[in-house]
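An overview of the molecular structure
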Amino acid sequence: MRRAADGTAYALHGRADAPLVVLIHGLGLTHEVWDQMVPALAPQFCVLTYDILGHGQTPTHPKPDLSALAAQLARLMAELGYTQAALV
């Protein structure tokens with residue numbers, strides 16, 4: 001796992017030149033829930049997995065509501081140079 005500037009733990013898989021697919025895990029889980037799906041997507045896409053706020057290796061947020069979770073993903077995508085993605 002890599003770390004974004006805000007502490008978000010993330011991993012990129014697959015083709016850097018392909019469209020981005022972001023796999024977002026549910027509450028109480030971590031990025032690892034997608035481990036079996038990544039190999040199927042990686043040959044055709046750039047796949048981003050990450051730990052949402054307060055989960056796995058990512059620190060918590062003072063107010064981890066949906067707005068904070070959306071802002072986290074927006075910051076991460078901007079830091080990685082992506083402006084659009086398919087979200088799963």
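Overview of the structure. (Residues numbered from 1 in each chain as written. Predicted model: local features only at pLDDT ≥ 70, side-chain atom pairs only at ≥ 80, totals over all residues. Heavy atoms only, no water.)

Counting through the fold element by element, Thr-49 comes out in strand β4 (residues 46–50). Between the alpha carbons of Thr-49 and His-13 there is a distance of 8.2 Å; along the sequence they are 36 residues apart. Look past the residues within four positions of Thr-49 in its chain and what remains in contact with it is Ala-9, Tyr-10, Ala-11, His-13, Leu-23, His-31, Trp-34 and Val-38. (Helix = DSSP H or I, 4+ residues; strand = E, 2+ residues; numbered from the N terminus. Contact = heavy atoms within 4.5 Å.)

Quick look at the sheet that holds strand β2 (residues 9–14) now. Ordered in space as β1-β2-β4-β3-β5, the five strands form an open sheet in which the pairing is mixed. What marks the edges here is a single partner per strand, and that holds for β1 (2–3) and β5 (86–87). Here two bridges tie strand β3 (residues 20–24) to β5, and the two strands are oriented parallel to one another. Residue Val-21 lies in a different strand from β5, and its bridge partner there is Ala-86. With respect to the sheet, helix α2 (residues 66–80) is in contact with β2, β3, β4 and β5, its orientation differing from that of β4 by roughly 135 degrees. (Pairing = 2+ DSSP bridges. Axes fitted to C-alpha atoms, helices over the stretch in contact; angles between N-to-C directions.)

Helix length check: α2 (15 residues) gives 21 Å between terminal C-alpha atoms against 21 Å at 1.5 Å per residue, within 8%. When α2 is considered as a whole, its buried residues turn out to be Ala-68, Leu-69, Gln-72, Leu-73, Leu-76 and Met-77. Tucked inside the fold, the buried residues of α2 contact β2, β3, β4 and β5. Taken from the residues just after α2, Gly-81 is the one with a positive phi, measuring 90 degrees. (Expected span 1.5 Å × (residues − 1). Buried < 20%, exposed > 50% of the residue type's maximum accessible area, 1.4 Å probe, protein only.)

Okay, the nonpolar core next. Membership of the largest hydrophobic core comes to 15 residues, with the highest contact counts inside it found for Leu-20, Val-22, Leu-48 and Tyr-50. When residues of this core are assigned to their parent elements, the largest contribution, five residues, is made by α2. With residues near it in sequence (within four places) discarded, Leu-20 still touches Leu-12, Cys-46, Leu-48, Met-77, Tyr-82, Gln-84, Ala-85 and Ala-86. In this structure, Leu-23, Trp-34, Val-38 and Val-47 belong to the second largest nonpolar core, which totals six residues. (Core = buried A, V, L, I, M, F, W, Y, C linked by side-chain atoms within 4.5 Å.)

With that settled, the discussion passes to the pairing of β4. Judged by how many residues are buried, β4 sits mostly within the fold: five of five residues are covered. With burial as the criterion, each face of β4 is covered, one bearing Cys-46, Leu-48 and Tyr-50 and the other bearing Val-47 and Thr-49. Where β2 and β4 come together, five bridges link them in antiparallel fashion. Residue pairing in the sheet places Ala-11 in a bridge with Thr-49 of β4. As judged from the five bridges shared by β3 and β4, these two strands associate in the parallel manner. Paired with Val-21 across the strands is Val-47, a residue of β4.

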